[in-house]
Amino acid sequence: MARAILHEVGPRDGLQMERAVVATDVKEAWIRAIAATGIDIVQVGSFVHPEKVPQMADTDELFRRLTADHPPGVVLSGLVLNEKGLDRALACGTEMICLGASASDTHSRKNTGMGSTEAVGRIVATARAAVAKGRKVQVSVQSAFGCGFEGAIPEERVLQMVAAYLEAGLRSISLADTAGHAHPAQVERLFGAVLGLDRGIECTCHFHNTYGLGMANIVTAMRVGVTSIETSFAGLGGCPFTKVAAGNVATEDFAHALQRQGLRTDVALDRLIDVAKDVAAFFGRDMQGYVHKTGPIGKKEPS
């Protein structure tokens, strides 16, 4: 099994669902704490209209604060939906540009105001512009495993979108389970088909834990050949434009699972747990993650 690349998306995917506004200073502290754990990539935020997603209104400011002095070796990523978003991302020094289009036409229209076909064309053009500016780029297929509005998504549609990315020279590709409908057999089949299109693809997975299969799906994806995994501190998050929104696999839970197998022992699990506890205390409610409540195996359990 290849070394797992850990992509923390809590500051973006985790917070975009929250009603309580998180102050920029608090976000910055969480991001700096996560970046200091040995995580590979941290997604700072998304470049979207602040009226649509108020929690992301300070993304530009966060990048300006963080770009100059974040820990070496950690990449800061940002989500971009269109050309205006890319201009903002470039202006504040975003290192890695993440873009995506939905395989569900309904979800695509709710999220971007465009159908899937139009969205793919726009994302490809924007991604190529980012590449031309020397940025690392990741493109995704959202709702790749099903949609709360449309139900099952034809796998051929997902593969056609991946083929469009490949034709444009884009080989860092994510499949996102926006609705949380994926199950391990489907994950194995679809990621296997994607990797069969081009063995040079760098595959990423993003599984929402809506129905409790997130961790099982990650393990299956890694066995097939997926090397990058997106998770969120304390299991926070979800897509505000899907029918049934729910959180992600918790970063600290996934890191714990890896370390139980002797993998990614370079990541400071105790610091990840501290961030998850801080997030839970801030929002004042029980979080979806487990390890920040139970403590890791091998450590004294909380009384």
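In what follows, the structure referred to is the one given above.
Residues numbered from 1 in each chain as written. Predicted model: local features only at pLDDT ≥ 70, side-chain atom pairs only at ≥ 80, totals over all residues. Heavy atoms only, no water.

Novice: Help me understand the overall build of the protein, please; the structure alone is not making it clear to me.
Specialist: Looking only at helices and strands, one finds 12 helices and eight strands in the protein. Whereas a compact globule of 303 residues would reach a radius of gyration of roughly 19 Å, the protein reaches 18 Å, a difference of no more than 12%. Dimensions of the protein, computed from the C-alpha atoms along their principal axes, are close to 55 × 40 × 35 Å. Taking all 303 residues of the protein together, 57% fall into the buried category. The contacts in the protein between residues at least 6 apart in sequence include a share of 72% that link residues at least 24 apart. Accessible area of the protein: about 12,500 Å², with a carbon and sulfur share of 52%. With 31 positive and 33 negative side-chain charges, the protein shows a separation of 1 Å between the mean positions of the two kinds. (Helix = DSSP H or I, 4+ residues; strand = E, 2+ residues; numbered from the N terminus. Rg over C-alpha atoms; globule rule 2.2 N^0.38 Å. Buried < 20%, exposed > 50% of the residue type's maximum accessible area, 1.4 Å probe, protein only. Contact = heavy atoms within 4.5 Å. Areas by Shrake-Rupley, 256 points an atom, 1.4 Å probe, with all protein chains shown as cover. Lys, Arg positive; Asp, Glu negative; His and termini not counted. Charge placed at Lys NZ, Arg CZ, Asp CG, Glu CD.)

Novice: In this structure, what is going on with the nonpolar core? I would like to understand it.
Specialist: Most often, soluble globular proteins have nonpolar side chains that are buried together. Counting residues in each nonpolar core, the largest one holds 91 residues, and the members touching the most others are Val-139, Val-141, Phe-145, Tyr-165, Leu-175, Phe-191 and Phe-207. Sorting elements by how many residues they give to this core places helix H11 (residues 269-283) first, with eight residues. What Phe-145 contacts, discounting residues up to four positions off in sequence, is Leu-175, Ala-176, Asp-177, His-181, Ala-182, Gln-186, Val-187, Leu-190, Phe-191 and Phe-207. (Core = buried A, V, L, I, M, F, W, Y, C linked by side-chain atoms within 4.5 Å.)

Novice: Which parts of the structure should I look at to understand the side chain of Ser-232?
Specialist: By secondary structure assignment, the location of Ser-232 is in the loop between strand E8 (228-231) and helix H10 (251-260). The residues touching Ser-232, leaving out its near neighbours within four places in the chain, are Glu-8, Val-9, Gly-10, Gly-14, Asn-248, Val-249, Ala-250 and Thr-251.

Novice: Hey, could you run me through the packing of helix H2 (residues 24-35) against helix H3 (residues 59-67) in this one?
Specialist: For any two helices packed against each other, the geometry is given by the interaxial angle and the distance between the axes. Two elements in contact, H2 and H3, have axes separated by 11 Å at closest approach and are oriented at 45°. Here H2 lies oblique to H3, going by the angle between them. Note that H2 runs across H3; the crossing there is right-handed. Listed contacts from H3 to Thr-24, Asp-25, Lys-27, Glu-28, Ile-31 and Arg-32 of H2 are Glu-61, Leu-62, Arg-65 and Leu-66. For the contact of H2 with H3, the residue count by class is three nonpolar, one polar and six charged. (Axes fitted to C-alpha atoms, helices over the stretch in contact; angles between N-to-C directions. Parallel < 35°, antiparallel > 145°, perpendicular 65-115°, else oblique. Left-handed = near helix turned anticlockwise from the far one by under 90°. Nonpolar A, V, L, I, M, F, W, Y, C, P; charged D, E, K, R; others polar.)

Novice: Help me understand the packing of aromatic side chains in this model?
Specialist: Counted under the stated rule, the structure contains seven aromatic pairs. Judged by centre distance (6.4 Å) and plane angle (45°), the rings of Trp-30 and Phe-283 are tilted. With Trp-30 in helix H2 and Phe-283 in helix H11, this residue pair connects regions lying 253 residues apart in the sequence. Judged by its relative accessible area of 14%, Phe-283 is buried. Aromatic pair Phe-145 and Phe-207: ring centres 5.5 Å apart, planes at 45°, arrangement tilted. One end of the pair, Phe-145, is in the loop between strand E5 (136-142) and helix H7 (155-167); the other, Phe-207, is in strand E7 (residues 202-207), with 62 residues separating them in the sequence. (Phe/Tyr/Trp six-rings, centres within 6.5 Å; stacked < 30°, edge-to-face > 60°.)

Novice: So what exactly am I meant to see when it comes to the sheet that holds strand E2 (residues 41-47) here?
Specialist: To summarise the sheet geometry, strands pair through backbone hydrogen bonds and adopt either a parallel or an antiparallel arrangement. On the basis of which strands lie adjacent, the closed barrel formed by eight strands has the order E1-E2-E3-E4-E5-E6-E7-E8 and parallel pairing. Strand-to-strand twist in this sheet, taken as the mean axis angle between neighbours without regard to direction, amounts to 25°. Bridging between E2 and strand E3 (residues 75-80) involves six bridges; their strand directions are parallel. From the neighbouring strand, Val-42 faces E3, where its bridge partner is Leu-76. The strands that H7 touches are strand E4 (96-102), E5 and strand E6 (172-177); relative to E5, the one it contacts most, it runs at about 165°. (Pairing = 2+ DSSP bridges.)

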